[in-house]
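Summary of the model geometry
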Amino acid sequence: HIRAGEITATRQNNQGLTFNFTITAYTDTESDVQFGDGFIDFDDGQEPFKLDDIAIDKTKVIIDGANNVAINIFKVQYTFSSPRAYTIRYQEPNRNENVVNMIGSVDTPFYVETQIVIDPFLGFNNTPVLLTPPIDMAATGAIYIHNPSAFDVDGDSLSYKIVINKQDFGIEVNGYKFPNDPTFNGQTEDGDGPATYTLDPQMGNLVWNSPGQQGEYNVAFIVEEWRQIEGQWFRLGYVTRDMQIVVEDTDNERPELEIPNDTCIVAGTLLQEFIFGDDPDEDKVKLESYSGVYELLSNPASFTPDPPIYQPVVAEGAFSWQTDCSHIRERPYAVQFKAEDDPPLGPSLVDFKTWNITVIAPAPEGLTAQAQPGKQVQLNWSEYSCPNASTMQIWRRVDTFAFEMDHCQMGIPENAGYELIAEVDITTLSFLDTNAGEGLDAGANYCYRLVAVFPQPSGGESIASEEVCAIMEADAPVITHVTVEKTDTENGEILIEWRRPFEVDPVLFPPPYTYTVFRSEGFTGNQGEIEVLSTADTTFIDSKLNTTDKAYHYRIELIDALDTKVIFSASASSVRLETTPSVGTIELNWRAEVPWSNNTQDFPYHYIYRNHSSGNENELILIDSVNVNEESFVYIDEGQFNNQPLSNNNTYCYFVTTQGSYGNELIEEPLINLSQIQCTTPNDSIPPCEPIELTVSNLTLDDCRTYLLDKPCGFTAFENILTWEGQDTGECEDDLKHYNIYYSKTGEDDYILLDQVNDATFTHGNLSSLAGCYRISAVDRSGNESILTEPICIDNCPYFALPNVFTPNNDNINDVFQAITNPESECPRFVERVQITIVNRWGLEVYNFDSNSQQGDENTNSIFINWDGKGKFGLDLSEGTYYYNAIVTFDVLDPNLKEQQFNGWIQLLR
């Protein structure tokens, strides 16, 4: 009698673990069996409950008498004992009969499950609800479309996945076939191939193109919900929908919907649109709409006519929604529209389309910026119009940057050059920018924007505010150029230029001025800073630098005529270019940490210079430019210059010219600076040849024994020395970068990468034993790895021996029976375990020992045994002959040597 259904859940509050569950089932009205006789399992160790017994509310309504469909809604309340994931399951006999894509449906239990995750880290959560009914009509030869109109009140992201219908937890229904199974003879609507059955994982459109055989089909899918926390996505659970599609033959043609394009609106806007439905057969059309926007507590949307009615073509529906701040969220609202025709004969057909509406937050208003003494800027703004926002972001850049927001653009565009400098509570209306206490840079024009942020899980950002700017007083030297004049590892040169301060107080700090130039390696920081020069000039060439491998940054100190150290300039670095080769391409990335802006609207282009394709490093010409406002500081050379592909045999050298500005009309622009010259070769896809003639020291047992001759007992600092040769023919050796060393303790498939070396030798040291296997590969500059060499394995050379006489008379000479340790060549070696039993001449056991289980001091729990001649009861044994049987387990690869048995006699003398 059961045709379709699902389980959904809402949490009562964030303090307790009580949930309200809704079990929704669609039944066949031709059956007298009533829904609710099944059992619900809350996955917490309790026995399942009979649904009819624990339901706090029950509703049954016939929703489609013509097609024998009734909806049953049972509500249940349940409290869980602790946070974790729970899979709530409901099973009831039986499905309705004659479902064609499973065996014996009338005798098959109906089963659905929903998973919830209770986790304080993930926060308060409710499952999505599915608003479109799961019983649909379809026609042979016509595309069938269904969308569940899933709505998550928390604003979490949803995804969709096809699953197979089940009859119990982990048990699929018998003989299930997907509706596009070839046995149903389905073809696409256009007749160009076999039927398809797909589910859009993001939008949730279930499309069967198209049915081939009449009958009732059941399908299932899950709707998963996801929440992003600190940049990572977490799954919060899922809802399973088991639904039914009734397929009939018809000559009817599907109606067509006309809906608006996806749109964005600012909260507070009234959104009104008309939806149209037309039918090629000129049958009447009924328009319906499903969405969470009709379920909102505040200002829900409406769609008329309500209830829906069949209208003469062209049918018309009116959508209206007065949005407000509570509707703001990061994800769009999906509004599903359904057009259903009313043919005189046969099944109705439908068209299903989704309209996405994003409600974005209005821009903050009233922002002002005022420069303050001490290189600070005071920001003030008006109270934000949406009180449900959580924080206000403050963004800053040097030089003004105007932008028009793209469709649905929230926040700051990625390449606009703004930096997030602070985030304050939404009730805060001011901020003093001190540049984290360091003060802002002299002469720079600082520009600001605000963005309001809304709390998760709905999230969302506002439109950015209007930009406001403030220029810093130029009372310090203003660096304008740090440009690489010569690239070299030892004799590199960098030109530094600066402008004299034009707003310094000449009374307090009388001219003429001199300047001290300080230099540090890298982009920022004063660690290792050195004084380079004292000069009255404003230009200096710093020489004898390693500009090939290093970036440098500088700052200038102002000294007045009284030799007073007045003030430092801001720090400015050279432009550092990095190249990343790939097959047939080379990617360029460049960076500079400077007090001006290197992405400006007046001078957006940076220029790429490269040598000719012949690889001549001395002839670098302009080959291209990059609009850094659109493409950032990245350029990919694919051989587009002169349409000449890059050659894997050539070395290509580059430098980049940047353009920047302080945004201050008193400082010349553009500020042009050059990077160092960087050379590289495109990657290839051909792996190098494998190394040959791999050898390892101590390879044989004799080698091992020789190695141990001078090693004391208990020695554990072993080492294996590997040597090999690389192939030196053809291209194998030309671009070799390094060798990979792989090691396995057992010789099985558990090889791990030990190291990467440049030379054809490797010492594997600090080993507890010699046993192990090695394989080597060669890696070229492109990262291509050769095949691995065949394994080469070495084994330990185990040794263990026992004496025949000991004298336990407490004279500290030969007082215990122990493994032989002298000479060193007869030390116990590579012993993992010793088990020994000692008997007297009548065969009675007097002592036993297992090195893996003994307790006590270090000497007692030892592979050396150290028997003191006492019996089981701690009494001295009499002199005489005793016999031992020992099983010794060794640390070796060879299974034949792993466990060895030792038998012998002992003479006990006192």
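This report concerns the structure included in the present document. (Residues numbered from 1 in each chain as written. Predicted model: local features only at pLDDT ≥ 70, side-chain atom pairs only at ≥ 80, totals over all residues. Heavy atoms only, no water.)

1. What to know about the overall build of the protein
Scanning the protein for helices and strands turns up four helices and 63 strands. Its C-alpha atoms give the protein a radius of gyration of 40 Å, more than 25% over the compact-globule value 29 Å for 910 residues. Projected onto the principal axes, the alpha-carbon positions of the protein cover approximately 115 × 100 × 60 Å. Within the span of the protein, comprising 910 residues, buried residues form 49% of the whole. Within the protein, residue pairs in contact and separated by at least 24 positions form 68% of the contacts whose partners lie at least 6 positions apart. By element, 47% of the accessible surface of the protein is carried by carbon and sulfur atoms, the whole surface being about 42,000 Å². (Helix = DSSP H or I, 4+ residues; strand = E, 2+ residues; numbered from the N terminus. Rg over C-alpha atoms; globule rule 2.2 N^0.38 Å. Buried < 20%, exposed > 50% of the residue type's maximum accessible area, 1.4 Å probe, protein only. Contact = heavy atoms within 4.5 Å. Areas by Shrake-Rupley, 256 points an atom, 1.4 Å probe, with all protein chains shown as cover.)

2. Regarding the sheet that holds strand β53 (residues 718–725)
One key point about sheets: their strands pair by backbone hydrogen bonds, in either a parallel or an antiparallel sense. Spatial ordering of the open sheet is given by β52-β53-β56, a layout of three strands whose pairing is antiparallel. Strands at the two margins of the open sheet, each flanked by one partner only, are β52 (692–696) and β56 (761–767). Recorded for the sheet is a direction-independent mean angle of 15° between the axes of neighbouring strands. Strand direction decides the pairing type here: β52 and β53, joined by three bridges, are antiparallel. Opposite V696, over in β53, you have L722 as the bridge partner. (Pairing = 2+ DSSP bridges. Axes fitted to C-alpha atoms, helices over the stretch in contact; angles between N-to-C directions.)

3. Some remarks on the side chain of N673
Its place among the elements puts N673 in strand β50 (residues 671–674). A polar contact is formed between the side chain of N673 and the backbone nitrogen of V482, at a distance of 2.7 Å. Setting aside chain neighbours within four positions, we find N673 in contact with T480, H481, V482, T483, V575, W596, V656, T657 and T658. (Polar contact = N/O pair within 3.5 Å; in protein donor to acceptor, adjacent residues only side chain to side chain.)

4. Quick notes on a nonpolar patch on the surface
Together, V805, Y883, W905 and L909 make up an exposed nonpolar region whose accessible area comes to about 340 Å². Within the secondary structure, Y883 sits in strand β62 (residues 880–890). Look at Y883 and you get partly exposed, because its relative accessible area is 38%. (Patch = residues over 30% accessible without salt bridge, like charges linked within 9 Å, V, L, I, M, F, W, Y side chains within 5 Å. Salt bridge = Lys/Arg side-chain N within 4 Å of Asp/Glu carboxyl O.)

5. Quick look at helix α3 (residues 701–708)
Looking only at α3, the buried set comprises C704, Y707 and L708. Down the axis of α3, the buried side of the element spans an arc of 90°, and every buried residue falls inside it. Opposite the buried face of α3, by more than 90 degrees, sit the exposed residues D702 and T706. Residues of α3 that are buried in the fold lie against β53. (Arc of directions from axis to C-beta.)

6. A look at the packing of aromatic side chains
Applying the stated criterion to the full structure yields 41 aromatic pairs. Geometrically, the ring pair formed by F806 and F817 is tilted, given 5.9 Å between the ring centres and 50° between the ring planes. On the criterion of sequence distance, the pair formed by F806 in strand β59 (residues 805–806) and F817 in the loop between β59 and β60 (831–839) is long-range, its members being eleven residues apart. Judged by relative accessible area, F806 falls into the buried class, the value being 0%. (Phe/Tyr/Trp six-rings, centres within 6.5 Å; stacked < 30°, edge-to-face > 60°.)

7. Considerations on the pattern of salt bridges
Scanning the model with the defined rule gives 31 salt bridges in all. A salt bridge links R3 to E216; the nearest nitrogen and oxygen atoms lie 3.8 Å apart. Of this pair, R3 sits in strand β1 (residues 2–11) while E216 sits in strand β18 (residues 215–229), placing them 213 residues apart in sequence. Across the pair, exposure class does not vary: R3 and E216 are buried alike. For K550, the salt bridge identified is with E521, shortest N-O distance 3.1 Å. Of the two residues, K550 is situated in the loop between β40 (539–545) and β41 (552–559) and E521 in strand β38 (residues 514–521); the sequence distance between them amounts to 29 residues. Judged by relative accessible area, K550 falls into the partly exposed class, the value being 33%.

8. Quick notes on the side chain of S465
Secondary-structure assignment places S465 in the loop between β34 (445–453) and β35 (468–471). The exposure class of S465 is buried, given its relative accessible area of 2%. A polar side-chain atom of S465 sits 2.8 Å from the main-chain amide nitrogen of L450.

9. Overview of the environment of T188
Among the structural elements, T188 can be located in the loop between β15 (171–172) and β16 (196–199). Residues T188 and Y652 lie 464 residues apart in sequence; the distance between their C-alpha atoms is 53 Å. Those residues within four positions of T188 in sequence are excluded, and the remaining contacts are G193, P194, A195, N209 and S210.

10. Side note on the state of the cysteines
Applying the stated criterion across every chain, the model contains six disulfides. The disulfide partner of C325 is C386, and the gap between their sulfur atoms is 2.0 Å. Disulfide C325-C386: the torsion about the S-S bond is -65°, which places it as left-handed. Residue C325 is located in the loop between β26 (315–322) and β27 (333–342), and its partner C386 is located in the loop between β30 (376–380) and β31 (391–398); the two are separated by 61 residues in the primary sequence. Paired through a disulfide, C773 and C793 show a sulfur-sulfur distance of 2.0 Å. Looking down the S-S bond of the C773 and C793 bridge, the torsion is 110°, so its handedness is right-handed. (Disulfide = S-S within 2.5 Å.)

Any functional reading would require information beyond the geometric quantities listed.
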